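Survey of secondary and tertiary structure
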Amino acid sequence: MGYTIAQKIIKEHLVCGEMTVGEEIGLKIDQTLTQDATGTMAYLQFEAMGIKRVKTELSVAYIDHNTLQAGFENADDHRYIQTVAKKHGIRFSRPGNGICHQVHLERFARPGKTLIGSDSHTPTAGGMGMLGMGAGGLDVAVAMGGGTYYITMPKMIKIKLVGKLSEFVGAKDVILEVLRLLGVKGGVGAIVEYTGEGVKTLSVPQRATITNMGAELGATSSIFPSDEVTRAFLKAEGREKDYIPLCSDPDAKYDAEYTVDLSALQPLAACPHSPDNVKPVSALAGMKIDQVCIGSCTNSSMQDMLTVASILKGKTVHPSVSLSISPGSKQVYTMLAECGALADLIGAGARILECACGPCIGMGFSPKSAGVSLRTFNRNFLARSGTADAQVYLVSPETAAASALTGEFTDPTTLGVAPKVELPKVFTVNDNLIELPEVEESADTVIVERGPNIKPIPIGKPPVENLACELILKVGDDITTDHIMPAGTKVLPYRSNVPKLSEFCFTVCDKEFPTRAKAKGGGVILGGANYGQGSSREHAALVPLYLGIKAVIAKSFARIHIANLINFGIVPMTLKNPEDYERFEQGDEIEIVGFANAIAEKTQATLVNKTNGATAELALDLSKRQREILLAGGRLNYTIKE
Ligand code: MIC
Ligand code: SF4
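Quick summary incoming for the structure in this document. Keep in mind the model is a prediction, meaning the values are calculated, not measured. (Residues numbered from 1 in each chain as written. Chains lettered and ligands numbered in written order. Predicted model: local features only at pLDDT ≥ 70, side-chain atom pairs only at ≥ 80, totals over all residues. Heavy atoms only, no water.)

1. Details of the packing of aromatic side chains
What counts, and what does not: By convention, a stacked pair of Phe, Tyr or Trp rings (six-membered ring in the case of Trp) has centres within 6.5 Å and planes under 30 degrees apart, an edge-to-face pair has planes over 60 apart, and any other such pair is tilted. Comment: elements are numbered from the N terminus, with helices defined as DSSP H or I runs of at least four residues and strands as E runs of at least two. Under the scheme applied here, a residue whose accessible area is under 20% of the maximum for its type counts as buried, over 50% as exposed, and between as partly exposed, the area being computed with a 1.4 Å probe on protein chains only.
As enumerated under the stated definition, the model contains 5 aromatic pairs in all. With a centroid separation of 5.1 Å and an interplanar angle of 85°, the aromatic rings of Tyr 393 and Phe 409 are classed as edge-to-face. Taken together, the residues Tyr 393 in strand S19 (residues 391-394) and Phe 409 in the loop between helix H13 (397-406) and strand S20 (434-435) connect sequence positions 16 residues apart. Pair check on accessibility: Tyr 393 and Phe 409 agree, each one buried. Between Tyr 531 and Phe 557, the ring centres sit 5.9 Å apart and the planes meet at 80°, which makes this aromatic pair edge-to-face. Of the two residues, Tyr 531 is situated in the loop between strand S22 (523-526) and helix H17 (539-546) and Phe 557 in the loop between strand S23 (549-554) and helix H18 (559-567); the sequence distance between them amounts to 26 residues. An identical accessibility class is assigned to Tyr 531 and Phe 557; each is buried.

Structure, rendered in structure tokens:
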């Protein structure tokens, strides 16, 4: 039997386990990346493991998230990451060099290799035929130390692309269509592969837009073949030697197959507050808008920027609209300046922001009260923009630019003259903002600088024999990591200060949660389906751990978050019968007799509601390794003990 692209890469990197869907497998990781909002924790954990030098082929630390620096905190964290990277053999991408995924695609991603990153959009590298996966910082730290990365062997979903995109329709519309088809849970437990004749009509950055937002499907990863288009991109980057061809075998077996006709696609938009709430732009046309933001790791390539520049050239942004543009990398920014397109953007009245995540993670540019914001980003979760009642729509650069000019939701196909985009044959390569690590022989001389904002990481404890506590919080379906541990300007500075961070935990859902949890010494959380979707931030596990959360019971969990819960010793359990969710209310006293024993050797446990007498059967769907981690009180204890 033939293999899919992802199966080929998995086979070549398999350290342990069977390649049977649903089984736990261990993979060798070739490259890692971190960003600053998760990186501090990842490196603190790497240091705690006592390993001197990274053992990967390449590890890069990017600074792109917390670049506002409204106080000393972020700058201190940046310096910590810079010095810890220098000491331990990690390249350091300085602030200003760009968004991790865009820069990685340009300078480091390689077809056929494995990459994990402490950021959920690491599958962006799939646009290059690389198997990129988002992971918690601790998993990245372990991989940097040469340790195995564990995942559940995914199903394979094939999306056959036929036809060719029409004018004014972009790669963003392709992934929005896939989100419309599959939904935010549609990729859970799967890798999404793109095949078919349509593939060769898409450039590498267009492919990367599509694999980037595969994170919003809940997929383990998304991947394109590596072909002549890939070779041309690598050549333009001066890295043709990194090229290898890679495609699925003709008899490869997929678990599900879909076809998307690129020619039939029209401009689409994901409406508030979920990336799969997709409607045609034509159905929204005429709605007044207040803000447009162009950029993020989804849509900030040279191709995206030139498309926008071509639409804006010689025109003026509508008076009721504020337009921000963040080029994805220093390379893109430089080339925009070189070809004059930057002047077109500035001339039209765009507010040019630095090459960083910026408004995507709520770092400035929050919309006005109840404002309508069109963004080329990948997430429109409630309150993520920094304005609780904002209405955020996710759109393509074409739709964003067209609407910025008219002041209302505008279908770009009505503009008439399509944007003309000619990409340079050779890109401007200048890696002067990527700092190389100290050579191993003199690494000991590097002093790691730690600012006062860096507080110790909470460490989990082995589980109690019988768990009796309060159901401290009950939440609904599709709870995101932005609900659990919000980001934005007020919160992000404390990513390395868990005690301070805990004051914001779950406050989007329940303002009293942190105070209540502290007063009661923690308890158990009950969630709905797809609990923990979104970011890879392990703070969404670390902070609940600090607040005394012992277990999370849900209808189902998102992949990265469940791994993070286990890593920090919080026991994830699922309701065998989802209807039992109704029999438990916030504040109920609950009990699980034989809790520790169930973790050690059972696949189920009984949850008793001592307040109303109800019971529910819980499933403990854990591998032997995961059980051992939980019994040790988390992966740090487990790894140090090993
Ligand atoms: C995001 O897009 O939510 C982030 C910020 O990039 C996160 C990482 C984080 O929370 O630091 C992600 O997607 O993993
Ligand atoms: Fe940064 Fe936004 Fe991409 Fe996350 S999704 S890495 S915040 S640009």
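Additional details are given in the paragraphs that follow.
2. Quick look at the nonpolar core
Inclusion rule: Here the nonpolar core consists of buried residues drawn from Ala, Val, Leu, Ile, Met, Phe, Trp, Tyr and Cys, with membership extended through side-chain atoms lying within 4.5 Å. We call two residues in contact whenever any of their non-hydrogen atoms come within 4.5 Å of each other.
In this structure, Phe 506, Phe 513, Ile 525 and Tyr 531 are the most contacted members of the largest nonpolar core, which totals 74 residues. Here this core takes 6 residues from helix H5 (residues 137-144), the largest share from any one element. The residues touching Phe 513, leaving out its near neighbours within four places in the chain, are Ile 472, Leu 473, Cys 505, Phe 506, Ile 525, Leu 547 and Ile 549. Core analysis: the second largest hydrophobic core is formed by 56 residues, Leu 115, Val 281, Leu 342 and Tyr 393 among them.

3. Examining the sheet that holds strand S9 (residues 155-162)
Selection rule: Strands qualify as paired when DSSP identifies two bridges or more between them. Interaxial angle, 0 to 180 degrees, is taken between N-to-C directions of lines fitted to C-alpha atoms, where a helix line uses only the stretch in contact.
Taking strand neighbours across the sheet as the criterion, the 4 strands line up as S11-S10-S9-S12 in an open arrangement whose pairing is parallel. At either margin of the open sheet sits one strand with a lone partner, and together these are strand S11 (221-223) and strand S12 (256-261). Adjacent strand axes in the sheet meet at a mean angle of 20°, parallel and antiparallel pairs treated alike. Bridge count for S9 against S12 is 6 bridges, and the pairing is parallel. From the neighbouring strand, Leu 161 faces S12, where its bridge partner is Val 260. Packing of helix H1 (residues 5-13) onto the sheet brings it into contact with S9, strand S10 (190-195) and S11, and relative to S10 it is tilted by some 125°.

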